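The residues making up each chain are set out below.
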Amino acid sequence: MAQVYASMQTSSVRPDVVTYSIIVNGLCKAGRVGDALRMLDGMSRQDSDIRPDVVTLNTVVDGLCKSGQVQEAVAFVEQRMRSVHGCPPNTVTYNCLIDAFCRVGNVSMAYELVGRMENKGVAQNIVTLNTIVGGLCRAGRAGAALEFFREKRTVWTEAKGNAVTYSTLVGAFLHSNNIGMAMALFHEMMTEGHSPDAIMYFTMISGLTQAGRLEDACSMASSLKKAGFKLDAKAYNILIAGFCRKKRLHEAYELLQEMKEVGLQPDVCTYNTLLSGSCKAGDFTAVDELLGKMIDDGCQPSVVTFGTLVHGYCKAGKIDEALRILRSMDESGIHPSTVIYNTLIDFLGKSGDADLAIQLFDEMKEKHVPANVTTFNALLKGLRDKNMPEKAFELMDQMREERCFPDYVTVDVLMEWLPVIGETERLKRFMQQSEHTAAKRGVRDRISAQ
DNA sequence: TTAGGGTTAG
């Protein structure tokens, strides 16, 4: 970009304000807001023959907002736009600020800015509406978002709702498992004369599948096709995962076939999903076949593939086979993950092999695989079942040293164990230390977030 | 120049 800019300055092609705005936008989108501001300063100097316009300035406002400098953006709007540059903030300026406040969870400030727009006679548009609706939905307030939409569409003449409004609301209602409302809004959108676009269809397919409504999801997929769109690999993966969860393996495999027929290459995610489904069905012959097909297709097993197999074999009580899979990862050159070790440690603990669980925990350290609270919980459960408190105390100390905070599972395990063996004091100390460090961490996080 | 979505292992 710098080269293009330099060559323009020496050639007969004269950059104008649009050129500069494009560069400022490029800098902002590349996360170089400081450079964008310097360029703006250059444009604002007395000897400059190109002055920034409202688009240049809005670009900078949005750049500041999206890089987390919301207060700086507000200061820029209040102190520089009109007085320095002679450009009063317009609809886009306010929309950028409103979005920024919504994203940090400050919806009331977003409302206040809407009020300020009204006072200053700056018109709201469809983006203003969708930004607030999106902000409320993101905050888990789908009902409030819908209410806001209903209220404003009668008042804001330029903002009556469009495909973005509806897909945002539908996504939020699906997410909160209010399928009926999502369906109703989907149909309302069509009644209002907006055709669902691909995003809307994918949102519906995903949400309905997640809710276990496979029939509805499939009929939505048919509508998508009738409307001239195509399912992509991700959409097939979603449906395949849905059928696998319902233990309808036959239909999942049919979708794999359909995927290939329409010329889509199943990816590692497709295979992992079907492997997981076949493991859960206990069909390890299908697992082996599928692994073969996967490799024939040139699809390399990933760490998730190994994790799926390890979990599948553990769940089927074949821990030796699961350990063999772990060992085979060395040859494949794929580094085992925390999840894989956690799975094995959990099942080893459950099958009464706490010693081997501890061995794997030591191996994690050698291999620099980080342990997390799930690792410690699995170990502690295994130790509780074998009543090995000394080792558990050691682990509790390690948790503290590694600043790994106990969760409700840790607390559950220790509360039903330590008091019984007369170690209530140690439990209390552990909880107090954890609360203390957690509180300190909370303070630190708040400081670094500012 | 500003607004929306979806996949796999514990």
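Predicted model only: the values in this text are computed from it and were never measured.

Rules behind the numbers
Residues numbered from 1 in each chain as written. Chains lettered and ligands numbered in written order. Predicted model: local features only at pLDDT ≥ 70, side-chain atom pairs only at ≥ 80, totals over all residues. Heavy atoms only, no water. Phe/Tyr/Trp six-rings, centres within 6.5 Å; stacked < 30°, edge-to-face > 60°. Helix = DSSP H or I, 4+ residues; strand = E, 2+ residues; numbered from the N terminus. Buried < 20%, exposed > 50% of the residue type's maximum accessible area, 1.4 Å probe, protein only. Lys NZ or Arg CZ within 6 Å of the ring centre and 35° of its normal. Expected span 1.5 Å × (residues − 1). Contact = heavy atoms within 4.5 Å. Domains from an automatic or database assignment. 1 Å grid on protein atoms, 1.4 Å probe; cavity = no way out; pocket = protein on both sides within 12 Å on 5 of 7 lines; lining within 4 Å. Points joined across faces, edges and corners; volume = space filled by probe spheres on them. Nonpolar A, V, L, I, M, F, W, Y, C, P; charged D, E, K, R; others polar. Polar contact = N/O pair within 3.5 Å; in protein donor to acceptor, adjacent residues only side chain to side chain. Near = heavy atom within 4 Å. Patch = residues over 30% accessible without salt bridge, like charges linked within 9 Å, V, L, I, M, F, W, Y side chains within 5 Å. Areas by Shrake-Rupley, 256 points an atom, 1.4 Å probe, with all protein chains shown as cover. Salt bridge = Lys/Arg side-chain N within 4 Å of Asp/Glu carboxyl O. Lys, Arg positive; Asp, Glu negative; His and termini not counted. Charge placed at Lys NZ, Arg CZ, Asp CG, Glu CD.

> Can you explain the packing of aromatic side chains? Please cite residues and give values.
A full pass over the atoms with the stated rule returns seven aromatic pairs. Aromatic pair tyrosine 111 and phenylalanine 148: ring centres 5.8 Å apart, planes at 40°, arrangement tilted. Remark: phenylalanine 148 occurs in helix 9 (residues 142-155) and tyrosine 111 occurs in helix 7 (residues 107-120); sequence separation between them is 37 residues. On the basis of relative accessibility, which here comes to 33%, the residue tyrosine 111 falls in the partly exposed class. According to the relative accessible area criterion, phenylalanine 148 is buried, its value standing at 6%. Taking 5.8 Å as the distance between ring centres and 80° as the angle between the ring planes, the aromatic pair formed by phenylalanine 148 and tryptophan 156 counts as edge-to-face. Residues phenylalanine 148 and tryptophan 156 agree in their burial class; the two are buried. Grouped by ring-pair contacts, the aromatic residues Tyr111, Phe148 and Trp156 constitute a single cluster. Cation over ring: arginine 153 sits above phenylalanine 149, and NZ or CZ is 4.8 Å from the ring centre. The ring of phenylalanine 347 carries lysine 350 above its face, with NZ or CZ at 5.2 Å from the centroid.

> Lay out helix 14 (residues 233-245) in plain terms, naming residues and giving numbers.
Given a rise of 1.5 Å per residue, 13 residues ought to cover 18 Å, and the 18 Å separating the end C-alpha atoms of helix 14 matches this to within 8%. Burial analysis of helix 14 places 10 of its 13 residues in the buried class, which makes it a mostly covered element. Here helix 14 has its buried residues at Ala233, Ala235, Tyr236, Asn237, Leu239, Ile240, Ala241, Gly242, Phe243 and Cys244. Against the buried residues of helix 14 lie helix 12 (198-210), helix 13 (214-226), helix 15 (249-261) and helix 16 (268-280).

> Go over the domain arrangement of chain A, please, and point to the residues and values.
Taken domain by domain, chain A comprises domain 1 (1-89), domain 2 (91-230) and domain 3 (361-450). When each unit is reduced to the centre of its C-alpha atoms, the spacing between domain 2 and domain 3 is 42 Å.

> Give me the layout of surface pockets: which residues, what numbers.
Considering only enclosed or pocket space, the largest pocket measures out at about 230 Å³ in volume. As for the largest pocket, its lining consists of 14 residues, and the residues nearest its centre are Leu291, Pro301, Phe306, Leu309 and Ser328. Those elements that provide at least two residues to the lining of the largest pocket are helix 17 (284-296), helix 18 (303-315) and helix 19 (319-332). For the lining of the largest pocket, the element with the highest residue contribution is helix 19, accounting for five residues. For the lining of the largest pocket, the per-class residue count stands at eight nonpolar, three polar and three charged.

> Report on the side chain of threonine 131, specifying residues and quantitative values.
Within the secondary structure layout, threonine 131 lies in helix 8 (residues 126-138). Separated by 2.5 Å, the side chain of threonine 131 and the backbone oxygen of valine 127 make a polar contact. Once you skip the residues sitting within four places of it in the chain, threonine 131 turns out to touch Asn95, Ile98, Asp99 and Cys102.

> Residue-level account of unusual backbone geometry, with values.
Unlike most non-glycine residues, lysine 247 shows phi in positive territory, near 60°. As for its position among the elements, lysine 247 is in the loop between helix 14 and helix 15. One non-glycine residue with positive phi stands out, namely arginine 403, at about 55°. Tracing the sequence through the fold places arginine 403 in the loop between helix 23 (389-401) and helix 24 (408-415).

> Lay out the protein's contact with DNA strand B in plain terms, naming residues and giving numbers.
Neighbouring DNA strand B are 48 residues, the closest being Asn95, Asn130, Phe202, Asp232 and Asn237. A distance of 3.4 Å separates a sugar or linking oxygen of DNA strand B from a polar side-chain atom of threonine 168. Threonine 273 places a polar side-chain atom, nitrogen or oxygen, 3.3 Å from a sugar or linking oxygen of DNA strand B. Per-class residue counts for the surface near DNA strand B are 16 nonpolar, 24 polar and eight charged.

> I'd love a proper account of the environment of threonine 157, names of residues and values included.
Looking at the secondary structure, you find threonine 157 in the loop between helix 9 and helix 10 (163-175). Judged by its relative accessible area of 60%, threonine 157 is exposed. A C-alpha to C-alpha distance of 53 Å links threonine 157 and cysteine 299, two positions 142 residues apart in sequence.

> Before we move on, could you go through the side chain of aspartate 346 and cite the residues and values that matter?
Among the structural elements, aspartate 346 can be located in helix 20 (residues 338-350). Aspartate 346 sits in the buried class, given a relative accessible area of 17%. Filtering out sequence-adjacent residues up to four positions away, aspartate 346 remains in contact with Ala378 and Lys381.

> Kindly report on a positive patch on the surface, identifying the contributing residues and their values.
A grouping of Arg245, Lys247, Lys280 and Lys315 is seen on the molecular surface, where their side chains present a positively charged patch. Locating arginine 245 in the fold gives a position in helix 14.

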